[in-house]
Amino acid sequence: MMDYTATELMACVASRTLEDGRSVLVGTGLPMVAAALAQRLHAPNLLIIFEAGGIGPRIPTIPISVGDSRTFHRAIMAASMDYVMSCAQLGLVDYAFLGAAQIDPYGNLNTTVIGSHDRPRIRLPGSGGGNDAGSLCWRTIILMMQDRRRFVERLDFLTTPGYLTGPGARERAGLPWGTGPYRVITQLGVMDFDEVSKRMRLLSRHPGVTLEDIIENTGFQLIIPEEVPVTEPPREEELRLLREVIDPAGIVIG
Amino acid sequence: MRVLEEGRGELLGWLDPDEARRWMAERKSRSPVDKRMNLREAVERFTHDGDYFALGGFGHIRVSMAAIYEMIRRGRRHMAMAAKTAVHDVDILIASGVVDRVECAYSFGHELRGLSPAGRRAVEGGRVKVVAEISNAGFQWRFKAAAMGLSFLPTRVMLGSDTLRYSSAKVVEDPFSGKPICLLPACYPDFAIIHVHRCDRYGNSQIDGITIEDSDLARAAKRLIITTEEIVDEDLIRMEPERTVIPYYLVDAVCEVPYGSHPGNMPGLYYSDEEHMAEWLKLSRTDEGVKEYLDKYIFSVEDFSQYIELVGGRKKMEYLRRLEMLEEPLRAPWAVRG
């Protein structure tokens, strides 16, 4: 078996989640790597979109920012934030990748503060395009580390809506119909959301990770089905592309 | 329309649409005037202590760092910033004491480089206040509402979130669909500074690549300073009018500042200077380090051209050009682990 890091596994799992012929709004870091990997393997027609205006680039090297010149290198369009966000509001963006400092059982995310808003213990960057992506894109994929400080029953601040308080809550708040969190990918496993309760549910555990590891690192009651398969580890070709082609300097995957 | 919910964030930059129309009618000249001046004069005339402002570009992409340094050198104080994906810009403006209030879409972070030590320290220590939260599209559409001469723009972002509860937006029932909808108040910043690839002496400006929010921001801003990589002849603008993003009648000052976005990225011309960014990120971990940086790069020089010499001059700029053209591999000292 090949050696790989948790970050590489997360990139591979995220990449496999993306279908060919769909559009994805990507953020800085791991999402860019995952989208680039998908494009080189099973999803050559994946349309990559950046919030600052880059649409359909051929990404030459990992961009440092979602607005730098790499995000519209040989793109089909160098547009504006208004154009991209309007497309998302119109229903043209299938997937969005998000990260977070905290997540709750309904997939709501906090990227704003730890502690109180007015005198925070830790000030985080805020919504950025996160709230927009989580509000407007059809399926949100969340990439983050899993432990009890991050997977919490109650967020310190609800920056980006997941399923809010449960079934129907998004639509009652006025958010676009049929949207919401789709997958949560961590260093321990993959989660989705129960169709009825909209609460987070374990979908697979990564190789070498036990159910106890996952339960111990989740600060709320996770739905655990009777059968929990093991995530397929990174394939040789995936690792080669990640290390040699997509991020040779190890800026994202280390 | 029934108001369903109201954010508690401070409402900055809003104007009654008729007041905005009057400002535009009286203060924005439709007569072409040569607006060239040096940056010092532009900053002195069009930026004032206490103003609420926004910067074009995207945090460290096509941002007028030259104008930021000049605001720091002129000792501007108590400014409020529209932190619309603010990265290096807001960090250094907070660290230098220019900005003490922020309306925050994205701030205190350096994208792939990690978090901003100086900005975070200022907020966590109470020196800087986040007076309202918003999202990136939220800011874009606040400017768009202003650019359209409206009081607000309805959108489907921020609904159901604390981002809305701490913003200046309101939620009403959409009279057509009956669904709740978020109204973003128009945002007319006191001034904006936008860095462009080229413009003529009147301010007709071209931007290569993504325009981000700048087409709308240029119309929303009450006063607009354009800094440009080069000033070109008006004929060049007239040969390709479809490339004009900002027309002259929105512009108050035109300042020619080559490499004006350094250490940020200027698409097509030069990539970001990651060695310089790493130096800032390292020094800005302490207040003493911040002082050292500001003394060295801002207060010890008279203008931006002296600064460019100090950071490596033509040799460094040539390296950043090759980096932008993908002729060099990226070296990012902040990415080195251990």
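Here the structure is a predicted model, which is why all the values come from computation and not from measurement. (Residues numbered from 1 in each chain as written. Chains lettered and ligands numbered in written order. Predicted model: local features only at pLDDT ≥ 70, side-chain atom pairs only at ≥ 80, totals over all residues. Heavy atoms only, no water.)

1. Let's talk about the overall build of chain A
Inference 1: Each helix and strand counted, chain A has 7 helices and 13 strands in total.
Inference 2: The C-alpha radius of gyration of chain A comes to 17 Å, within 12% of the 18 Å expected for a compact globule of 254 residues.
Inference 3: In terms of principal-axis extent, the alpha carbons of chain A reach across some 45 × 45 × 35 Å.
Inference 4: A buried classification covers 63% of the 254 residues belonging to chain A. (Helix = DSSP H or I, 4+ residues; strand = E, 2+ residues; numbered from the N terminus. Rg over C-alpha atoms; globule rule 2.2 N^0.38 Å. Buried < 20%, exposed > 50% of the residue type's maximum accessible area, 1.4 Å probe, protein only.)

2. Digging into helix α5 (residues 117-124) of chain B
For an α-helix, the turn length of 3.6 residues means that residues three or four places apart are oriented alike.
Inference 1: Within α5(B), the full set of buried residues consists of B:Ala118, B:Gly119, B:Ala122 and B:Val123. The arc that holds the buried residues of α5(B), viewed along the axis, is 125°, so those residues lie on one side.
Inference 2: Structurally, α5(B) contributes buried residues whose contacts are with β9 (120-123) of chain A together with α4 (88-95), β5 (129-133), α10 (274-283) and α11 (287-299) of chain B.
Inference 3: Where α5(B) ends, the next residue or the one after it, B:Gly126, has phi of about 85°, a positive value. (Arc of directions from axis to C-beta. Contact = heavy atoms within 4.5 Å.)

3. Looking at a nonpolar patch on the surface
Inference 1: Together, A:Leu47, A:Ile76, A:Met77 and A:Tyr83 make up an exposed nonpolar region whose accessible area comes to about 370 Å².
Inference 2: Looking at the secondary structure, you find A:Ile76 in the loop between β3 (54-55) and β4 (77-78). (Patch = residues over 30% accessible without salt bridge, like charges linked within 9 Å, V, L, I, M, F, W, Y side chains within 5 Å. Areas by Shrake-Rupley, 256 points an atom, 1.4 Å probe, with all protein chains shown as cover. Salt bridge = Lys/Arg side-chain N within 4 Å of Asp/Glu carboxyl O.)

4. Considering the interface of chain B and chain A
Inference 1: With 60 residues of chain B at the contact, the number on the chain A side is 60 residues.
Inference 2: Per-residue buried area on chain B facing chain A is highest for B:Leu112, B:Arg156 and B:Ile210; these three make up 15% of the total on that side.
Inference 3: Here chain B and chain A share 4 salt bridges between them.
Inference 4: Here B:Lys144 ties to A:Asp82 by a salt bridge, and the two come within 2.8 Å at their closest N and O atoms.
Inference 5: Where chain B touches chain A, the interface holds 33 residue pairs in polar contact (both at pLDDT 80 or more).
Inference 6: Secondary-structure elements contributing two or more residues to the side of chain B that touches chain A are α5, β5, α6 (136-147), α7 (162-165) and α13 (313-324) of chain B. (Buried area = accessible area lost by both parts, 1.4 Å probe. Polar contact = N/O pair within 3.5 Å; in protein donor to acceptor, adjacent residues only side chain to side chain.)

5. Here we look at the sheet that holds strand β6 (residues 152-155) of chain B
Within a sheet, adjacent strands bond to each other through the backbone by hydrogen bonds, running parallel or antiparallel.
All names here are of chain B.
Inference 1: Strand order in the open sheet formed by 4 strands is β1-β7-β8-β6, and the pairing between neighbours is antiparallel. Only two strands of the sheet have a single neighbouring strand rather than two, namely β1 (3-6) and β6. The mean inter-strand angle of the sheet, taken between neighbouring strand axes irrespective of direction, is 30°.
Inference 2: Here strand β7 (residues 170-173) pairs with strand β8 (residues 180-185) via 4 bridges, running antiparallel. What sits directly across from valine 172, in β8, is isoleucine 181. (Pairing = 2+ DSSP bridges. Axes fitted to C-alpha atoms, helices over the stretch in contact; angles between N-to-C directions.)

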